[in-house]
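Coordinate inspection notes
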Amino acid sequence: MSHREVIEGKARSDHESVRNALRLLHHGRDALAELARELADGLQGATADVKVDRHSRLLYATDASIYEMEPIAVVTPRSAADVQHVLRVAARRNVPVLSRGGGTSLAGQVVNHAIVLDFTPHMDRILEINAEEHWARVQPGVVLAELNRAVSGQGLQYPIDPSTANRATIGGGIGNNSCGSHSALYGKTVDVVSSMDVVLSDGTPATFERLDGDALAAKLTQPGLEGDIYRGVRRIAAEQREEIAARFPRILRRVSGYNLDAFAATESMNLSEMIAGSEGTLAVVTEARVKLVPQPTARGMAAIHLGSVVEAAEASVAANAHAPSAVELVDDTIIKRCRESTGYASLADFVQGTPGALLFTEFYGASDGEVRDKLAALWEDLQQRGLGHAVVTTTDPEEQRGMWRMREAGLGLLMSIRGDAKPLAFVEDAAVAPERLPEFVARFDATVRAHGLSASYYGHASVGCLHIRPLVNIKDAAGLATMEQVAGEIADLVLEFGGSLSGEHGDGILRGAFTERMFGSRLTAAFREVKQAFDPRGLLNPGKIVRTPPFRDNLRLSPTTMNLDPPTRLDFRADGGIARAVEQCNGQGACRKFDGGMCPSYMVTKDEEHSTRGRANLLRQALNGALPAQELTGERIHAALDLCVECKACKSECPSGVDMAKLKYEVLTKYHEAHGVPWRARAFAHINALSRWGSRTAPLANAIGRLSVARRLLHHTLGVHRERPLPALARQSFPQWFAAHAGPSMEARRGEVVLFVDTFTAYYQPEVGRSATQILEALDYRVTLVKQVGCCGRSAISQGMLDTARNWAQRNVEALRPYAENGSPIVGTEPSCLLTLRDEYPDLLPGTAARVVARQSLLLDELLVQLATREPNVSRIFGDHLRRRIILHGHCHQKALVGMEPTLAALALVPGYEVELVESGCCGMAGSFGFEREHYEISRAMGALRLFPAIEAAPREAAIAITGVSCRQQISHFTGRRPRHVVELLADALRTP
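Residues numbered from 1 in each chain as written. Predicted model: local features only at pLDDT ≥ 70, side-chain atom pairs only at ≥ 80, totals over all residues. Heavy atoms only, no water.

**Focus: the overall build of the protein**
Scanning the protein from terminus to terminus reveals 45 helices and 28 strands. Taken against the 2.2 N^0.38 rule, which gives 30 Å for 993 residues, the C-alpha radius of gyration of the protein at 30 Å falls within 12% of a compact globule. In terms of overall dimensions, the protein has a C-alpha envelope of 95 × 75 × 55 Å along the principal axes. Of all 993 residues assigned to the protein, the portion counted as buried reaches 63%. (Helix = DSSP H or I, 4+ residues; strand = E, 2+ residues; numbered from the N terminus. Rg over C-alpha atoms; globule rule 2.2 N^0.38 Å. Buried < 20%, exposed > 50% of the residue type's maximum accessible area, 1.4 Å probe, protein only.)

**So, the sheet that holds strand β26 (residues 913-917)**
One open sheet accounts for four strands, arranged β26-β25-β27-β28; its pairing is parallel. The open sheet is flanked by β26 and β28 (980-981), the only strands paired with a single partner. Bridging between strand β25 (residues 884-889) and β26 involves five bridges; their strand directions are parallel. Within β26, the position partnered with R885 by the bridge is E914. (Pairing = 2+ DSSP bridges.)

**Brief notes about the packing of aromatic side chains**
What the rule picks out here adds up to 16 aromatic pairs. Aromatic pair F514 and F551: ring centres 5.9 Å apart, planes at 65°, arrangement edge-to-face. A residue pair is termed long-range when its members are at least 10 positions apart, and F514 in the loop between α19 (477-496) and α20 (515-534) and F551 in the loop between α20 and α21 (578-583) qualify at 37 residues. Overall, the relative accessible area of 9% leaves F514 in the buried class. Judged by its relative accessible area of 5%, F551 is buried. Every member of this aromatic cluster is reached through a ring pair, and the members are F248, Y258, F519 and F527. The aromatic ring of F572 is capped on one face by K662, whose charged end is 4.4 Å from the ring centroid. In this arrangement the basic side chain of R682 is found over the ring face of W679, its NZ or CZ atom lying 5.9 Å from the centre. (Phe/Tyr/Trp six-rings, centres within 6.5 Å; stacked < 30°, edge-to-face > 60°. Lys NZ or Arg CZ within 6 Å of the ring centre and 35° of its normal.)

**Structural notes on the nonpolar core**
Judged by nonpolar contacts, the single largest core of 112 residues is most densely connected at F208, L260, F426, F440 and F534. Among the elements that take part in this core, α19 stands out by supplying eight residues, more than any other. In this view, L260 contacts I236, A237, I244, F248, M274, A526, F527 and V530; residues no more than four positions away in its chain are not counted. With 79 residues, the next largest nonpolar core counts L98, C647, V852 and C892 among its residues. (Core = buried A, V, L, I, M, F, W, Y, C linked by side-chain atoms within 4.5 Å. Contact = heavy atoms within 4.5 Å.)

**Regarding helix α16 (residues 397-408)**
Look at α16: 16 Å from first C-alpha to last across 12 residues, which is about the 16 Å you get at 1.5 Å a residue. Of the positions making up α16, those classed as buried are Q400, G402, M403, W404, M406 and R407. Two to three positions downstream of the cap, the backbone nitrogen of E398 sits 3.1 Å from a side-chain oxygen, assigning the N-cap of α16 to D396. (Expected span 1.5 Å × (residues − 1). Polar contact = N/O pair within 3.5 Å; in protein donor to acceptor, adjacent residues only side chain to side chain.)

**Focus: the sheet that holds strand β3 (residues 97-100)**
Ordered in space as β1-β2-β4-β3, the four strands form an open sheet in which the pairing is mixed. Since the sheet does not close on itself, it has two edges, and those belong to β1 (50-51) and β3, each with one partner. Across four bridges, the pairing between β3 and strand β4 (residues 115-118) is parallel. Note on β4: the bridge partner recorded for S99 is L117. Contacts between helix α5 (residues 80-93) and the sheet are confined to β2 (73-75), β3 and β4, with β4 contributing the most and set at about 175° to the helix. (Axes fitted to C-alpha atoms, helices over the stretch in contact; angles between N-to-C directions.)

**Describing the packing of helix α10 (residues 225-239) against α20**
The geometry of α10 relative to α20 is characterised by a closest axis approach of 8 Å and an angle of 170° between their N-to-C directions. By the angle between their directions, the pair α10 and α20 is classed as roughly antiparallel. Here L225, I229, V233, R235, I236 and E239 of α10 come into contact with α20, specifically with R522, A526, E529, V530, A533 and F534. Looking at the contact of α10 with α20 residue by residue, the class counts come to eight nonpolar, no polar and four charged. (Parallel < 35°, antiparallel > 145°, perpendicular 65-115°, else oblique. Nonpolar A, V, L, I, M, F, W, Y, C, P; charged D, E, K, R; others polar.)

**Focus: helix α41 (residues 901-908)**
Those residues of α41 that fall on the buried side of the exposure criterion are P902, T903, A906 and L907. An end-on view of α41 places all buried positions within 130° of arc, on one side of the element. Structural note: α41 exposes E901 and A908 on the side pointing more than 90 degrees away from its buried face. If you follow the buried residues of α41, they end up packed against α39 (860-870), β25, α40 (892-897), β26 and α45 (982-988). (Arc of directions from axis to C-beta.)

**Quick notes on the pattern of salt bridges**
Pairing between side chains becomes possible if they bear opposite charge and their charged atoms approach one another. A full pass over the atoms with the stated rule returns 67 salt bridges. For the salt bridge of R511 with D429, the shortest nitrogen-to-oxygen distance reads 3.7 Å. In this pair, R511 sits in the loop between α19 and α20 while D429 sits in the loop between β18 (422-423) and α18 (437-450), placing the two residues 82 residues apart along the sequence. The class for R511 is buried, based on a relative accessible area of 4%. We classify D429 as buried; its relative accessible area is 0%. (Salt bridge = Lys/Arg side-chain N within 4 Å of Asp/Glu carboxyl O.)

**As for the state of the cysteines**
Tallying each qualifying case throughout the model produces zero disulfides. C892 takes part in no disulfide bond, and the closest cysteine sulfur, belonging to C922, lies 3.6 Å away. Owing to a relative accessible area of 12%, C892 belongs among the buried residues under this scheme. This cysteine, C923, is not joined by any disulfide, and C967 carries the nearest cysteine sulfur, 4.2 Å off. Overall, C923 belongs to the buried group, its relative accessible area being 2%. (Disulfide = S-S within 2.5 Å.)

**Overview of the side chain of E504**
Positionally, E504 belongs in the loop between α19 and α20. In terms of polar contacts, E504 uses its side chain to reach the side chain of H467, at 3.1 Å. Not counting the four nearest positions on each side in its chain, E504 is found in contact with P162, N176, N177, S178, C179, G180, R253, V255, D429, H460, C465 and H467.

**Some remarks on the side chain of S79**
By secondary structure assignment, the location of S79 is in the loop between β2 and α5. Ignoring sequence-local partners within four residues, the contact set of S79 consists of Q44 and M123.

All quantities given are derived from atomic positions and should not be read as evidence of function.
Below is the structure:
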């Protein structure tokens, strides 16, 4: 049901606890405030660990599925005792409780009208690692990738590796019985969790582990709920032994229903095996002991190019005979989306031509040579069978990582398709015996096409589990009806093949609606008995796996979805408007990862509100009417956007292409329309004019800026933090230096180049401009400065002053267009400014002129590498007189829109330079963000995650290199090191005449 129907009291459920929760929602703020007080009274943490305001609750109303259900409260527990307290409150009030990890579930498992327990902010610790015995003890909020990072030094890894491993949690994996690409080797989560601590539905703690003999007998005679559970599970499994043998699919990838098949034998019991895959409906996990496995000594990958998905499925059957570690399939839709993606295009560089599908086949071995032999034997076999027309093989770890990234981004890349029709996950998780996969895929495709739909294919071919997503528009009534009809027909097809409706992602609502069709009435009744044994009052995530709501209830998007279409300053036509730009977020949660750059504020706060997904959810609710329309310019959404540092990592790292920086610019402009533009925002937006005037009296301005009284005054008036040093103005500005600069006496062979000068190069670090000029002249260019009006507009855009930015952009485009049309490069050294011409100008000024200027605009690094690629002799401008180790940190906008490859390649042209790139996200400065009083500490925390430790660990003799002024200021302030711009280091290496 939609939010509107919940508030009007029209949502329905056959679960009493859910009906009680709906009544609480209907009664509104006072009833929820009373619940919050009861929950907070007894928690070990602060009252902030309980949230019942509507905005916070809506953040948890969705997962990565097609469903949406508004919770009644959100609690971030700090201990098992907190979990016990919450369950006791829930029992007193007879309302549901929902356990949640990363919120990436695809079948609606982690949405409910319930008290949500979010374990990721606090219960995310690795409690113990036993490297000798290959196990770890962890809390449920531990992210899989973080566990792998912690054990990699001992040569170990956690064997379950879903594509969401960089944000999915151990607890979520237990709930879904997650698998991953290497399940043929390691199995499912149920196979690697040896024991777990849980809280039962009545609030009592229990430990589930392997028991037999006297220990099991004691549990079977124990009074109370825990004893009832042991007795109930043993009885139900015994009664259903024959039905289990007849109805449970005989395949590896079956995660539907409850794991009654694990209890058909009665010699021992480990109830952890029942909790795995139970989706939080049986108990709440607070701790788990998980197995670890050795990392492979060597591995290699073959990317086999095939004409179609069916041919790829045939090749997977042949590949399985070679005992690979993994066989993964992606279709041509994913390849195309990858090539069209800002941040993922380079991952498809290895793809030859336009194959209909790729089959990634991986082998482990004792050496690279052994792996290469296995790869060669596979390709020879496939050629003899007439399968595949090309292959790319590699044992290089970096190249393999790129191939895996392409495969892991499959879901997001598919969902980046613009428009209302999306490749939705309503039949995407079926699994069949691997040898029957080719026939199954052909039949599946025929079924989909019979309804006038097309589908995309990717997934785990080695185990017969493909994620198949038909393209359908459920905002259209006919599309919704087609979706439900296709889901039923595919369910019948899966049963015909002896498969499982879910091979990895669980039942939730989506496939729970077909539980009885898959298992029959007797086993479905048995599953209900299992649920009753563990949870007599139906408090734990009711309505999942069994007794689910109707298939088409609780949809996030439906024919009733009505969006506002407010006018915008920026061009959102390619998205279909700002509302559809927000709807691009499908909940997959890639923004919650801790590797890469997205999302810097979430990495610090671990608050869902500060993820790109959280912000997109709030904007969507304000545009679709769930929140009042005025909320779009309200304080609560403004606060949620406030910590977005506009790094643009989401634009490149979100596979679905959610551009939160662009959305923030637009919404912040509307906020200022409603509330006025603060003086600080105006001052930062006009930093160019202030700097130009200040440079005229640089020594005096600098002296005043260093006075503590002046810093305190700025702190209390404009909100510029008193601890943050103000940048020092140069005595001679770069424009002054350039006006006196004679330039080379000879004719420039390459013609004219426009040096686009940013504010900080102009007035604070003119040495960067001088270095850029020297390099361009060494490249045989005639350097020209074009008179700029104001500045590029970056500062005004960031401050939500888009009208001001458009005026400046218009005049800059008018000045630059003649040079661009003449083919002259427009070159800059400050990524945030130069890339404004490429990224924002076409949105501010739709039309030919801005696009022409954007096409000719590039960073100096890019120009240098382009020339060196065409003319290898270009590198001769650099001498070999320097030997220098360089620690390089890249600016966020460059990493997002260009990548660091051009900078690395440019530095590689210097024979004596040894460069190491710091693997970190945003430095935390983010333009004016780090200057602002209320953001100073979080700015420090962002840099402290990875950047500061890397800089502080660098040898004192190493040069610290940056590409943006914000990074220079941040590193200087918090580490004491004095970074230099890459352009300066390149100029140092120029040959002297």
